[in-house]
Amino acid sequence: MVVGNRKGHGLWHGILFLFIFLAFGAKAPAQQLQKDTLHGMKYRLVGPFRGGRVEAVAGVPGTNTFYFGGVAGGVWKTTNAGLTWAPMSDKEPIASIGALAVAPSDPNIIYVGTGEPCLRQNITYGHGMHKSTEPGTTWPHIGLADTRPIATALVAPRDPTRVHVA
């Protein structure tokens, strides 16, 4: 076909449309399940009951220990790869978590940035950064009180006292 030649152009469009319709437009029948296919399955809650939406997650490499921060549920911890979870920050004055980081060189040091960074109509603000040196037992405030939401925290690989936040 020569560029600019309109002769036969509609025919090619028709053939192309027919090919696309046959390849993608024709619907295959839905797969039918036998009545007892899901009989042995039972619902079970695998996460914390009231953690809320999650904006921040972190884990300790080589272990089954993970943390997550809910936008209105605080910090939660599991030591069995998520089978059970425990709240770690219920006594703290803020429950909105936007960032969470475990120091690569010392898994006992955890940084938490407060405030929900997700752009929604009903976000909650934070009041800066917190740091725990006893894996989630206490969370002293370490600064940046006026930042409102903190979305990211990154700890230096070899220096657990150096953290960058945004």
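Because the structure is predicted, anything quoted here is derived from the model rather than measured. (Residues numbered from 1 in each chain as written. Predicted model: local features only at pLDDT ≥ 70, side-chain atom pairs only at ≥ 80, totals over all residues. Heavy atoms only, no water.)

**Student:** Help me understand the overall build of the chain, please; the structure alone is not making it clear to me.
**Tutor:** A count of helical and extended segments in the chain gives one helix and 10 strands. Out of the 166 residues belonging to the chain, those deemed buried represent 30%. Considering only intrachain contacts with a sequence separation of at least 6, the fraction spanning at least 24 residues in the chain is 40%. Working note: accessible area of the chain is about 11,500 Å², and carbon and sulfur atoms make up 61% of it. (Helix = DSSP H or I, 4+ residues; strand = E, 2+ residues; numbered from the N terminus. Buried < 20%, exposed > 50% of the residue type's maximum accessible area, 1.4 Å probe, protein only. Contact = heavy atoms within 4.5 Å. Areas by Shrake-Rupley, 256 points an atom, 1.4 Å probe, with all protein chains shown as cover.)

**Student:** Help me understand the sheet that holds strand β8 (residues 141-143), please; the structure alone is not making it clear to me.
**Tutor:** Sheet strands line up and pair through hydrogen bonds in the backbone, either parallel or antiparallel. Spatially, the four strands line up as an open sheet ordered β5-β6-β7-β8, and their pairing is antiparallel. Edge strands, defined here as strands with exactly one partner in the open sheet, are β5 (97-102) and β8. Averaged over all adjacent pairs, the angle separating strand axes in this sheet is 25 degrees, with direction ignored. Pairing between strand β6 (residues 110-114) and strand β7 (residues 129-132): four bridges, direction antiparallel. Counted as the bridge partner of Tyr111 is Lys131 from β7. (Pairing = 2+ DSSP bridges. Axes fitted to C-alpha atoms, helices over the stretch in contact; angles between N-to-C directions.)

**Student:** I'm lost on the side chain of Ser132 in this one. Help?
**Tutor:** Mapping Ser132 onto the fold places it in strand β7. From its side chain, Ser132 meets the backbone oxygen of Glu134 in a polar contact 3.4 Å long. A polar side-chain atom of Ser132 sits 2.9 Å from the main-chain carbonyl oxygen of Thr138. In contact with Ser132, other than residues within four places in its own chain, are Asn108, Ile109, Ile110, Thr137, Thr138 and Trp139. (Polar contact = N/O pair within 3.5 Å; in protein donor to acceptor, adjacent residues only side chain to side chain.)

**Student:** Which parts of the structure should I look at to understand the side chain of His130?
**Tutor:** Among the secondary structure elements, His130 is positioned in strand β7. Within the local environment of His130, its side chain forms a polar contact with the side chain of His127, the two groups lying 2.9 Å apart. Sequence-distant contacts of His130, that is, excluding residues within four places in its chain, are made with Ile94, Ile110, Tyr111, Val112, Thr114, Trp139, Pro140, His141 and Ile142.

**Student:** What am I meant to see in the sheet that holds strand β4 (residues 86-87) here?
**Tutor:** Taken together, four strands build an open sheet; the order of strands is β1-β2-β3-β4 and the sheet is antiparallel. Every interior strand has two partners, whereas the edge strands, β1 (54-59) and β4, have only one. Pairing between β1 and strand β2 (residues 66-70): five bridges, direction antiparallel. In the sheet register, Ala56 faces β2, and the bridge partner there is Gly69.

**Student:** Honestly, empty space enclosed by the protein in this entry has me stumped. Any pointers?
**Tutor:** It is the rolling of a water-molecule-sized probe over the atoms that shows where space remains empty. Summed over the entire model, instances satisfying the criterion amount to one cavity of 30 Å³ or more. Along the walls of the largest cavity sit Val75, Ser89, Glu92, Ile94, Ile97, Val112, Thr114, His130 and Trp139, which together make up its complete lining. Taken together, the residues of the lining of the largest cavity sort by class into five nonpolar, three polar and one charged. (1 Å grid on protein atoms, 1.4 Å probe; cavity = no way out; pocket = protein on both sides within 12 Å on 5 of 7 lines; lining within 4 Å. Points joined across faces, edges and corners; volume = space filled by probe spheres on them. Nonpolar A, V, L, I, M, F, W, Y, C, P; charged D, E, K, R; others polar.)

Geometry only, nothing functional implied.
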